[in-house]
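# Architecture and fold: a report
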Amino acid sequence: MSTPLESPLPPLLRAAAGLPGDRVPVWFMRQAGRSLPEYFEVRGEGSILQAISDAERATEITMQPVRRYDIDAAILFSDIVTPVWVSGFGIDITPGVGPTCDRPFTSAADLERLRPIDDDDLGFQTDTVRALVDQLPHEVPLIGFAGAPYTLAAYLVEGRPSKDYAKVKAMMFAEPELWHALADRLADYAIATLRNQVANGARAVQLFDSWVGGLRPEHYREFVQPHSAKVLAAMAELDVPRFHFGINTGELLADMADAGAEVVGVDWRTPLSVARERTGGRVGLQGNLDPALLSAPWEVVEPEVRRVLDDNGGHPGHVFNLGHGVTPSANPETIARIAEYVHTHGTAMGDGSTGAAG
Ligand code: CP3
């Protein structure tokens, strides 16, 4: 990586700091993986955790979208369950299903299965992050990430992906002490993971709380926000911008902003202008194109990309992204065109203008 002292801040870090620049940064959640034919050439059989724990493969998969698209960030190829997996709790990712546990978390006795983790458990991650930092250009920062306590707990308690999160919510309401003990351990997992990533060269972090949108704001504030805030506060001293994301979080945006991130993710349901009002302009916003558009014809996609930029109104604190991850059916050519369109037509001049820059 070349880092001349006087080189300008990369667009991603500039936008995260709310600074105007000549380019609206763009990257795509889940930009690596199943939408790319080259992914299947290296993925291998079995659980995706095998590929994640093989530094050479994980590095290659992270780099694939960076080579293919003109994007402003790489995101470490890993998963939110990686720290739970290395702890030996007993979690795997079942192909076509998602995270599954043979023995889900049901009682205080299960806390013992969640031993603390440290850098020694994350050797493959250290190697992957270092290899990536060597390869990535200065303008393309590596984003590290972790799962937030609620979303991780959902997999541990439900034992598999859920539609209603009934078990994890029941634990939260009926056994608050147990819930807080679980969430606190998972916060420590996120902190250990993110510290390892940043210590080895990740230049931004994203805390994924994908499923938190199923909670009422009062419950979010009581049961979830303190644990996510603990993770984000532990990152404050590391001097990297913190992104915080969930879906269906229109009602939670202000509370998520209060958890302590510089940038809050917004899904496609809430216009960026509304999200900015709800967060009082105190955070940057990331989003928020509907990922379903990635398999639509360009004539349909273009006005929607335009609309996202217009909704943002030229505000400098905007990182263009999807409202959730790239779907396996996405067309990579559409992704490439979106990145190009955002760079050509987006403005982040800090004057509220929405005119095309080029
Ligand atoms: O490119 C990137 O964005 C980095 C890769 C990444 C993966 N998982 C790899 C992966 C990231 C950022 C994640 C995060 C993640 N994992 C989240 C938060 C983001 C989100 O989408 O909300 C969540 C909720 C998970 C849990 C998880 N892991 C799910 C729901 C699945 C999909 C299950 C399926 O097969 O449909 C996984 C598996 C997974 N993680 C895959 C990848 C590339 C698919 C694995 C495969 O190739 O079989």
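Anything mentioned here points back to the structure above.
From a predicted model like this one, the values you see are computed outputs, not experimental measurements.

Calculation notes
Residues numbered from 1 in each chain as written. Predicted model: local features only at pLDDT ≥ 70, side-chain atom pairs only at ≥ 80, totals over all residues. Heavy atoms only, no water. Axes fitted to C-alpha atoms, helices over the stretch in contact; angles between N-to-C directions. Helix = DSSP H or I, 4+ residues; strand = E, 2+ residues; numbered from the N terminus. Parallel < 35°, antiparallel > 145°, perpendicular 65-115°, else oblique. Left-handed = near helix turned anticlockwise from the far one by under 90°. Contact = heavy atoms within 4.5 Å. Core = buried A, V, L, I, M, F, W, Y, C linked by side-chain atoms within 4.5 Å. Buried < 20%, exposed > 50% of the residue type's maximum accessible area, 1.4 Å probe, protein only. 1 Å grid on protein atoms, 1.4 Å probe; cavity = no way out; pocket = protein on both sides within 12 Å on 5 of 7 lines; lining within 4 Å. Points joined across faces, edges and corners; volume = space filled by probe spheres on them. Nonpolar A, V, L, I, M, F, W, Y, C, P; charged D, E, K, R; others polar.

## Let's talk about the packing of helix α7 (residues 149–158) against helix α9 (residues 176–199)
Two elements in contact, α7 and α9, have axes whose closest approach is 9 Å; the angle formed by their N-to-C orientations is 115°. For the element pair α7 / α9, the angle class is roughly perpendicular. Between α7 and α9 lies a crossing whose hand is right-handed. Residue-level contacts link Pro149, Tyr150, Leu152, Ala153, Leu156 and Val157 of α7 to Trp179, Leu182, Ala183, Leu186 and Ala187 of α9.

## A closer look at the nonpolar core
In this structure, Phe105, Trp179, Phe320 and Ile338 are the most contacted members of the largest nonpolar core, which totals 123 residues. For this core, the leading source of residues is α9, giving 12 residues. With sequence-adjacent residues up to four places away left out, Ile338 is seen in contact with Phe28, Leu289, Leu294, Trp298, Val301, Val305 and Phe320.

## Some remarks on the layout of surface pockets
In this model, the largest pocket occupies a volume close to 1,300 Å³. Lining the largest pocket are 39 residues, and of these Arg30, Arg34, Asp79, Gly98 and Val326 lie nearest its centre. Looking at the lining of the largest pocket, the elements with two or more residues in it are α2 (37–43), α3 (48–52), β2 (91–94) and β3 (98–101). Here the lining of the largest pocket is composed, by residue class, of 23 nonpolar, 11 polar and 5 charged.

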